[in-house]
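# Coordinate analysis (summary)
As a plain string of letters, each chain reads:
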Amino acid sequence: MLVLLPPSEGKADPVERAASGSLDWGDLSLPGLNTARKAVAEELVELCAHDPERAREVLGLSTGQRAEVARNAELYSTPVLPAAALYTGVLYEALGLSDLGSNAMDRAYREVLVFSGLWGAVRLSDPLPAYRCSGGVRLPRLGGLGPYWRSPLQEVVPEQVGEGLLLDLRSSAYAGMWKPKGELAQRTATVRVLQSRIVDGVEKRTVVSHFNKATKGRLLRALLQASRPATPTELAELLKELGYQVEAQPPNRTGSPWRLDVIVTEV
């Protein structure tokens, strides 16, 4: 199984964590992405160092987030942390990597790819500096990072999946960077989180937004501590065994993924 995650906008501060070292391209997994990574990093650093106000606008940051621009400008000299420790958003808090247990953590290092506007995709063990560059950013020279990454990622991601199940937990901005095609899509499962409420005696279901991330984090944590499903149907059955209410919807056309609706009553 291979799991695709989004990154988080929230990042730990490597300086506060007394991290050491700096960005070394040779330490990153998926080295086939390094040429594309360097191009994004070079433009990002140059923009943030020489035109901070324009950089803030390009990155979609408020005036109170100018420190994020300054941090990008120092990308090459900032200390690094493993991605597992760097990302601190809602999904990662719910995933709880710091106390996952050695066997499950080994699986996370092997079976999880985190998509990123700056790095394309990385593993949780990859040492990264703190940065701010979402998948929806449009850089002045390279253009939109979603379209930019499609070709490089198509070259490297399918081989990482191999013949197994692909579980796609990415948000829309990162799902647009690469989509499984053909036979691979047929063994891909996406997850939608729905909240079920009874209104005037009738069940109403609504798509969960913010807490969708927490549910996906808890779900992945449970999967990493369980057996490995080989197909979308096995995944749905395993999630049911783990206590989730799941409704599986097969692909509605050739080349489409399975969709698993996870129904929750509390968020």
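Okay, so let's go over this structure.

Conventions we followed
Residues numbered from 1 in each chain as written. Predicted model: local features only at pLDDT ≥ 70, side-chain atom pairs only at ≥ 80, totals over all residues. Heavy atoms only, no water. Helix = DSSP H or I, 4+ residues; strand = E, 2+ residues; numbered from the N terminus. Rg over C-alpha atoms; globule rule 2.2 N^0.38 Å. Buried < 20%, exposed > 50% of the residue type's maximum accessible area, 1.4 Å probe, protein only. Contact = heavy atoms within 4.5 Å. Areas by Shrake-Rupley, 256 points an atom, 1.4 Å probe, with all protein chains shown as cover. Lys, Arg positive; Asp, Glu negative; His and termini not counted. Charge placed at Lys NZ, Arg CZ, Asp CG, Glu CD. Pairing = 2+ DSSP bridges. Salt bridge = Lys/Arg side-chain N within 4 Å of Asp/Glu carboxyl O. Arc of directions from axis to C-beta. Axes fitted to C-alpha atoms, helices over the stretch in contact; angles between N-to-C directions. Parallel < 35°, antiparallel > 145°, perpendicular 65-115°, else oblique. Left-handed = near helix turned anticlockwise from the far one by under 90°.

Here we take up the overall build of the chain. The helix and strand inventory of the chain stands at eleven helices and twelve strands. For 267 residues, the compact-globule estimate of 2.2 N^0.38 gives 18 Å, and the C-alpha radius of gyration of the chain, at 19 Å, lies within 12% of that figure. Projecting the C-alpha coordinates of the chain onto the three principal axes gives extents of approximately 60 × 45 × 40 Å. Evaluated residue by residue, the chain yields a buried proportion of 52% over its 267 residues. In the chain, 71% of the contacts between residues at least 6 apart in sequence involve partners at least 24 apart. Here the chain has roughly 12,200 Å² of accessible surface; of this, 48% comes from carbon and sulfur atoms. Of the charged side chains in the chain, 31 are positive and 31 negative; the average position of the first set lies 5 Å away from that of the second.

Attention now moves to unusual backbone geometry. Its identity as a non-glycine residue notwithstanding, Leu 30 has a phi of 50 degrees, on the positive side. Among the secondary structure elements, Leu 30 is positioned in the loop between β1 (2-5) and α1 (34-50). Leu 30 sits in the buried class, given a relative accessible area of 7%.

Bringing the pairing of strand β4 (residues 120-123) into the picture now. For strand β3 (residues 112-116) and β4, the ladder comprises four bridges, and the chain directions are antiparallel. Paired with Phe 115 across the strands is Ala 121, a residue of β4. Where β3 folds back on β4, the antiparallel hairpin that results is connected by three residues.

Counting across every chain of the model gives 16 salt bridges. Across the pair Glu 68 and Arg 132 runs a salt bridge, and its minimum N-O distance is 3.4 Å. Separated by 64 residues along the polypeptide, Glu 68 in helix α3 (residues 66-73) and Arg 132 in the loop between β5 (127-129) and β6 (138-139) bring together distant segments of the chain. For Lys 240, the salt bridge goes to Glu 237, with nearest N and O atoms at 3.5 Å.

Let's shift gears to helix α11 (residues 232-241). Taken together, the buried positions of α11 are Pro 232, Leu 235, Ala 236, Leu 238 and Leu 239. Buried residues along α11 cover an arc of 165 degrees about the axis, so they all sit on one side. Backbone geometry just downstream of α11 places Gly 243 in the positive-phi region, at approximately 105 degrees.

Before going further, it helps to examine the packing of α1 against α3. For the pair α1 and α3, interaxial distance at closest approach is 7 Å and the crossing angle is 125 degrees. Comparing their axes, α3 and α1 come out oblique. Every pair of crossing elements has a handedness; the one defined by α1 and α3 is left-handed. Here Leu 44, Val 45, Cys 48 and Ala 49 of α1 come into contact with α3, specifically with Val 69, Asn 72 and Ala 73.

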